[in-house]
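Topology and contacts: notes
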Amino acid sequence: MIPEPLKRLALADNVGLATILVVAVAALAIANPAFLTSFNLYVVLTSLALWTCVALAQMTTLAIGQMTLSLGSLGGLVAVTVGGLCEVWGVPLPLAIAIALLVGLAGGLLNGVLIAASGVNSFIITLATFSAFHGLTLGLTRAIPFYNMPAALKALGNARYGAIPLMLGIVLVVAVAVHIVFTRTRLGRHMLAYGGNPQAALLSGLSTARIVIAAHGLSGLLAAIAAILTVGRLQVAQPTIGEDWLIVSFAAPIIGGASLTGGHVSVPGTLLALALLAIINDALVLLGVDPFWVQVVLGGLILAVVGANRLREGHRLGEAVAR
Amino acid sequence: MTALDASSAPSRRVVPRWLTRPEIGLAAIIAIMVAVFSSIAPGFLSPFNAFAVARDLSVAIVLGYSMMVVLAVGGMNLAVGSIGVCAAMATAGMQAAGVPMPISVILGLASGAALGAVNGIVVVRTGLSSFMVTLATMSIYFGVMLLLSGAEAIRSLDADFIAFGRARIFGTVPVMFVVSIGLALILTYFYRATDIGRQMLFTGSNPKASELSGVPVVRTVVVAHALSGLLAGLAGIMLTARTGAGVPSMAGQIGRDWLLPAFIAPVLGGSALAGGSVAILGTLLGATLVGVLGSGLRMVNIGDFWIELFLGIILLFAVLADRLRSVWSPVSGTGP
């Protein structure tokens, strides 16, 4: 028999994920000492930092039981906005970043307004805006990247303190802010309430349109932060930024315990999931595995974790009923 | 070849029902676009361009159907691009290895159906949403394909196979287009006259009621996913015959470039995401609209880059117009 406290611990959020993470780090450190070198840790943490806001952006829409397919193409639009403002118009960097953040916010708000006003499924609306944002990015730039980025922006993406990238500090502040929004503010609670049961939220007098618009606006803003950091990291404002965001944006929050049907998200869980993904990616590189395995492992991991979560939920439900 | 709706109820309305169908609107928009483009760019209606457009359309129509058949049971298949490339690479690989052309095509289609069936089995066994399952499998299938192919294009294809991609009848009609039209007729028969087809629509409109009334829901969902995989494979194989090479990147990284074209045709055509209906003619017209718009914009030198913006706006208008239509005809049986 498993003692009750241990069982409860095993069923608690994030414990399983944290355990896997610790085991993975230990195993990797033993298998290949190169893992613990300062540079390698910097690479892993950089990848974690770059993906954090992408995952949080999707997580915010998952909270209200919706999704954003347009996340990546909005990121691309924000990236070329920064690039174009700095290179073509010579706008000072802080102003360019502010405008780019506004573009991201506006794109997200547009999604929210269209969804709230029409009542059409968020999948279809954001599929349409995915295409529109991407077309806008390609049309404006003719698919040519902006290469002359300000030194400050490059520094933002590449500054490091030992193994810790500066970007990690920035995204952790953002992550804490998002965590506070969902755990401590009325807006966050309303979003989760709406995600859990839109009908009940409407009946209890919440302004559901405002919740939907706010969630998508926040999501757009987070996507914009991710895009700006990516430009800083790559040192080039490429129109292709965001094209590979789709899978990870869903994988991390879902592995971290969010449900596709809404009402439940976890910032710590999402961060743990991202750390795990970054470490697996690094392990494949360090162990000299064919890089094509990354796709297979990522897909397999999504299925395994989502399947396990489902089993766990069933178990919890069974217990609740038994009591 | 009209949209079939499992839950349609007779109702009285001011405007006759056929006039409010999405197919009518689509046909009108296509006619206007053809008129505008051919008056600006005289080459638009040339036999050469008509042939090229019809050939592109053929692939897009089949791709649209591959999504439509899973939408019908209330699911979706994000892995269509990934499966399409897998089937195409399997076919191309077998031809390069000397397998006779018909057998390579049949086995390629079978591999597509098998990958689709795996999606379906995972969906029904785990109870996870098809969105999540196919998001994962699109990555897995594509990764395995890269491992097996070494990410190399396969160019030594069967001569007859490439000839099929270029064949035409009556001077301008590509044989591939005839294949797509034939497929539309087969699907119409399938959903109207066969038990499994009707069970799919019933399952999509109300899984609980279907289960209770003895429909084998589990089998129906698996078959729908297998059919989706088969059609995605067909689209991939047709594209390979057209381009004359099996290219791992033909649908973009993990096949994501096919997502938009796969969804846009059935959604423009009036297929509900919630399931229960298929718009066979609508999907055909939806793909046609996208193809005509793309070709036209290229002819008038607006260029490839803006096409996606136009597509997004058209998709947006289509779903918003559809929404307004259902608001303006409150007696409609199905509701929002």
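Criteria and cut-off values
Residues numbered from 1 in each chain as written. Chains lettered and ligands numbered in written order. Predicted model: local features only at pLDDT ≥ 70, side-chain atom pairs only at ≥ 80, totals over all residues. Helix = DSSP H or I, 4+ residues; strand = E, 2+ residues; numbered from the N terminus. Rg over C-alpha atoms; globule rule 2.2 N^0.38 Å. Contact = placed C-beta atoms within 7 Å. Buried ≥ 20, exposed ≤ 12 C-beta atoms within 10 Å, placed from the backbone. Core = buried A, V, L, I, M, F, W, Y, C linked by C-beta atoms within 7 Å. Nonpolar A, V, L, I, M, F, W, Y, C, P; charged D, E, K, R; others polar. Axes fitted to C-alpha atoms, helices over the stretch in contact; angles between N-to-C directions. Parallel < 35°, antiparallel > 145°, perpendicular 65-115°, else oblique. Left-handed = near helix turned anticlockwise from the far one by under 90°. pLDDT = per-residue confidence, 0-100. Expected span 1.5 Å × (residues − 1). Arc of directions from axis to C-beta.

The secondary structure content of chain B amounts to 13 helices and four strands. By the compact-globule yardstick of 20 Å for 336 residues, chain B fits well, its C-alpha radius of gyration being 20 Å. For chain B, the spread of C-alpha atoms along the three principal axes comes to 60 × 55 × 35 Å. A separation threshold of at least 6 residues defines the contact pool for chain B, and within that pool the share at least 24 residues apart is 80%.

Turning our attention to the overall build of chain A. For chain A, the helix and strand inventory stands at 14 helices and two strands. Over its C-alpha trace chain A gives a radius of gyration of 20 Å, about what one expects of a compact globule, namely 20 Å for 323 residues. The dimensions of chain A, computed from C-alpha atoms along their principal axes, are 70 × 55 × 35 Å. Within chain A, the proportion of its 323 residues that are buried is 49%. Pairs at least 24 residues apart make up 80% of the contacts formed inside chain A by residues separated by at least 6 positions.

Let's shift gears to the nonpolar core. Counting 206 residues, the largest nonpolar core has V78, V82 and A224 of chain A together with L315 of chain B as its most contacted members. With 16 residues, helix 11 (residues 208-234) of chain A is the largest single contributor of residues to this core. In this structure, A224 of chain A is in contact with V78, A100, L101, V103, G104 and L105 of chain A, ignoring residues within four places of it in sequence.

This paragraph deals with the interface of chain B and chain A. If you look at the interface, chain B gives 39 residues, while chain A gives 38 residues. Breaking the side of chain B that touches chain A down by element, the ones donating at least two residues are helix 5 (130-149), helix 11 (259-269) and helix 13 (307-328) of chain B. The class makeup of the residues in the side of chain B that touches chain A is 28 nonpolar, eight polar and three charged.

Attention now goes to the environment of A251 of chain B. All names here are of chain B. Following the sequence through the fold, A251 ends up in the loop between helix 10 (217-243) and helix 11. For A251, a count of 29 C-beta atoms within 10 Å corresponds to the buried category. Placed 171 residues apart in sequence, A251 and V80 show a C-alpha to C-alpha distance of 9.5 Å. Residues within four places of A251 in sequence aside, it is in contact with G81, G84, V85, D257 and W258.

All names here are of chain B. Interaxial distance between helix 2 (residues 47-71) and helix 7 (residues 175-193) falls to 8 Å at its minimum, and their mutual angle equals 30 degrees. Of the possible angle classes, the one that applies to helix 2 and helix 7 is roughly parallel. Where helix 2 crosses over helix 7, the two elements pack in a sense that is left-handed. Residues A54, R55, L57, S58, I61, V62 and Y65 of helix 2 touch helix 7, and the partners they reach there are M176, F177, V179, S180, L183 and L187. Per-class residue counts for the contact of helix 2 with helix 7 are 10 nonpolar, two polar and one charged.

Negative phi characterises most residues that are not glycine, and trans characterises most peptide bonds. Of note in this structure, R142 of chain A is not a glycine but carries a positive phi near 50 degrees. Along the chain, the position of R142 of chain A falls in the loop between helix 6 (122-141) and helix 7 (151-158). R142 of chain A gets classed as exposed once you count the C-beta atoms within 10 Å, which come to 11. The phi dihedral of I254 of chain B is positive, around 45 degrees, even though this residue is not glycine.

Residues and elements named next belong to chain B. For chain B, the mean per-residue pLDDT works out to 87, and 90% of the residues sit at or above 70. Confidence over residues 330-336 falls short of pLDDT 50; this stretch has 12 contacts with residues more than four positions distant or in other chains. Predicted as a complex, the structure gets a pTM of 0.88 and an ipTM equal to 0.86.

Right, let's get into helix 3 (residues 80-96) of chain B. All names here are of chain B. Counted at 1.5 Å a residue, the expected span for helix 3 with its 17 residues is 24 Å, and the 24 Å between its end C-alpha atoms agrees. Across the 17 residues that make up helix 3, a large majority, 15, are buried. Where helix 3 ends, the next residue or the one after it, G98, has phi of about 95 degrees, a positive value.

With that settled, consider helix 7 of chain A. Residues spaced three or four apart along an α-helix face the same direction, because each turn holds 3.6 residues. All names here are of chain A. By the burial criterion, the buried members of helix 7 are L153, L156 and G157. The buried side chains of helix 7 occupy one side of the element, clustering within an arc of 90 degrees when seen end-on. Facing away from the buried side of helix 7, by more than 90 degrees, are the exposed residues A151 and A155. Along its buried surface, helix 7 packs onto helix 5 (93-118), helix 8 (166-184) and helix 11.

So, on to the confidence of the model for chain A. In the predicted model, chain A carries a mean pLDDT of 89, and the fraction of residues at 70 or more is 92%. For the stretch residues 317-323 of chain A, pLDDT sits under 50, and the model shows zero contacts to residues farther than four places along the chain or on other chains.

This part takes up the environment of L148 of chain B. Among the structural elements, L148 of chain B can be located in helix 5. Taking the C-alpha atoms as reference points, L148 of chain B and C86 of chain B, 62 residues apart in sequence, are found 9.9 Å from one another.

Here the focus is the environment of V175 of chain B. Residues and elements named next belong to chain B. By the element assignment, V175 lies in helix 7. In this structure the C-alpha to C-alpha distance between V175 and R55, which are 120 residues apart in sequence, comes to 8.3 Å. In this view, V175 contacts F164, A167, R168 and I169; residues no more than four positions away in its chain are not counted.

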